[in-house]
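Descriptive analysis of the structure
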Amino acid sequence: MNCDYVNRHLDALMDGEVDASGRMAMDLHLAECLECAERLAFARAVKHHLKRSVGACAPQALRARLEQELSEDGSGVQVMGSWGATAGVAAAALLIFGLGGFVQLRGDGVVQYQAGSVPVVQDLLRVHDLPAASQVQAAEQVPEYFEGKLGFPVRPVSFQDPGVRFEGARSASVLGRRAARLSYDVGGRRLTVVAFRTPRRPLEGVHVEEVGGRRVRLVRMDRHTVPLVEHDGITYAVVGDMDPTDRLKLLDRVGL
Amino acid sequence: MAFFFRSRERSSGDKFRGEALEHLDSLYGAALRLTRSQSDAEDLVQDTLVRAYRFEDKFEPGTNLKAWLLRILTNTFINRYRRKIRERDVLGGASAGRIGDGVMSRSAMRGLTEAVNVAQEGLLRDEIAQALDALPEDYRVMVLLADVEELSYKEIAEIVGCPIGTVMSRLHRARKQLQKDLLRQAVEMGIVEASDGEGSSAEPIDLEHYRRVRRGVAG
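Since the structure is predicted, the reported quantities are computational estimates derived from the model, not experimental observations.

Counting its regular elements, chain B contains ten helices and zero strands. Secondary structure of chain B in N-to-C order comes out as α-α-α-α-α-α-α-α-α-α. Expressed as a percentage of its 219 residues, the buried residues of chain B come to 47%. Across chain B, contacts joining residues at least 24 apart in sequence account for 73% of those joining residues at least 6 apart. Of the accessible surface of chain B, which amounts to about 11,300 Å², a share of 48% is contributed by carbon and sulfur atoms.

This paragraph deals with the pairing of strand β4 (residues 189-197) of chain A. Side-chain direction in a regular strand flips from residue to residue, so the side chains alternate between the two faces of the sheet. All names here are of chain A. Here strand β3 (residues 177-186) runs beside β4; their pairing, made up of eight bridges, is antiparallel. Bridging from a neighbouring strand, Asp-185 pairs with Arg-190 of β4. In this structure, the hairpin formed by β3 and β4 is closed by a connection of two residues, where Gly-187 is found at a positive phi of approximately 55 degrees. Pairing analysis gives seven bridges linking β4 to strand β8 (residues 234-240), with the strands arranged antiparallel.

Looking now at the packing of helix α4 (residues 34-54) of chain A against helix α7 (residues 137-148) of chain B. Running from amino to carboxyl end, α4(A) crosses α7(B) at an angle of 95 degrees, the nearest separation of the two axes being 9 Å. On the basis of their axis angle, the class for α4(A) and α7(B) is roughly perpendicular. Here Lys47(A), Leu50(A), Lys51(A) and Val54(A) of α4(A) come into contact with α7(B), specifically with Val143(B), Ala146(B), Asp147(B) and Val148(B). Its residues assigned to classes, the contact of α4(A) with α7(B) comprises five nonpolar, no polar and three charged.

All names here are of chain B. The contact between helix α2 (residues 24-35) and α7 brings their axes to 10 Å, and the two run at 160 degrees. Taken together, the axes of α2 and α7 are roughly antiparallel relative to one another. In the crossing of α2 with α7, the sense of the turn from one axis to the other is right-handed. Two secondary-structure elements touch here, α2 through Ala-30, Arg-33 and Leu-34 and α7 through Arg-140, Val-141 and Leu-144. Across the contact of α2 with α7, the residue classes tally to four nonpolar, no polar and two charged.

Moving on, we come to helix α9 (residues 164-188) of chain B. An α-helix turns once every 3.6 residues. As a result, residues three or four positions apart point the same way. Helix length check: α9(B) (25 residues) gives 36 Å between terminal C-alpha atoms against 36 Å at 1.5 Å per residue, within 8%. Taken from the residues just after α9(B), Gly190(B) is the one with a positive phi, measuring 80 degrees.

The backbone of Asp232(A) shows a phi angle near 55 degrees, a positive value even though the residue is not glycine. Its place among the elements puts Asp232(A) in the loop between β7 (224-231) and β8. One non-glycine residue, Glu150(B), lies in positive phi territory at about 55 degrees. Inspection of the secondary structure puts Glu150(B) in the loop between α7 and α8 (153-160). With a relative accessible area of 46%, Glu150(B) lands in the partly exposed category.

Thresholds, definitions, all that
- Residues numbered from 1 in each chain as written.
- Chains lettered and ligands numbered in written order.
- Predicted model: local features only at pLDDT ≥ 70, side-chain atom pairs only at ≥ 80, totals over all residues.
- Heavy atoms only, no water.
- Helix = DSSP H or I, 4+ residues; strand = E, 2+ residues; numbered from the N terminus.
- Buried < 20%, exposed > 50% of the residue type's maximum accessible area, 1.4 Å probe, protein only.
- Contact = heavy atoms within 4.5 Å.
- Areas by Shrake-Rupley, 256 points an atom, 1.4 Å probe, with all protein chains shown as cover.
- Pairing = 2+ DSSP bridges.
- Axes fitted to C-alpha atoms, helices over the stretch in contact; angles between N-to-C directions.
- Parallel < 35°, antiparallel > 145°, perpendicular 65-115°, else oblique.
- Nonpolar A, V, L, I, M, F, W, Y, C, P; charged D, E, K, R; others polar.
- Left-handed = near helix turned anticlockwise from the far one by under 90°.
- Expected span 1.5 Å × (residues − 1).

Quick look at the structure:
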């Protein structure tokens, strides 16, 4: 698959119109080809921010007028009550499913929820889902493998937990920037650390939360939570199939 | 708020109107972007809903109501409001933002990606909206339906009444123009540096063709 081909289907990929095998083939190309990855990141950034900038709210007066003038009996008699009830329930539903908002759930901790698309999380999930083809066998080979490739040094994250096994590494891209993908196996579950140069300006959605008595930097999208560790100008995002709390526990003893 | 309870169950008509009104923000947003006038947008939305209620039995329950309503809105716009808009364009609302056939350099693209991705709200927000408004109607409709309302190519094709291939190519060109306009504004604001560079902007090929040949593509 070459760049020309990928470029012609970039829009379709971004719009979710490419089938699964096509997506996989394109993702593989995008992991290796920075230029195409930059193009995709750019198109997605504009699309995403267009959606957020342009959405309008119907004026309240219009809504009220339509509800009244277009009511079925047309007599103008109060049907406001029933609409009011509908609006109330709809508003509560919006809050619970977090459309554009945060919600706190009670339970064994405070969970915040951010719906919608968060570009950096989308990219991190894509990198996590790449096939396992690895070009590096042992953790010690990681710095040498990435030497000169990414523009920043990459060191393997070493977890204190002996149950974490290094599986391989490959290059990837996040938001159109070169990144390193380090794969680990934790008792059969996949863990991916994605390392990329910390952007100069703060990324959308990244914030600090108090989790288990600690302040942790992370980013959320729908049901995904990705903790981030920064060190020496490099951001390490920890994506995995496991509970974020477990991932955070692994980060307790991390050598970089 | 006082409540008046109906003695009978809510009729299906009421239910349909209730569901239609849930999409009011989308309808108003699209109408505003299409007509570029608040009063026209309100009229367009009202016209749309009147027709939607009249043709309620033409709607298949379980299918995408928002897309159905947007189809009525788009057709109403094309039939009733378009001429009005064209007159206004002639009088001086001409679309800005044409920067010729030049392609975007890699560094400009990178700079603009980063500018657009910043956490702070508001950077380039107005400029994106302006770039959208500056697009010709055909292009503006495509970007609205694909990027703001996030409808599928198939749904867009049904709404606008053209083949999926046309949707793809028109959308591609619309986005290119919008991106270039945005870049021009960003350069003017000093957010991004303009630079000459090479790049390619290929036309998208037919999606059906791609699906037929995908098996022949090596991974």
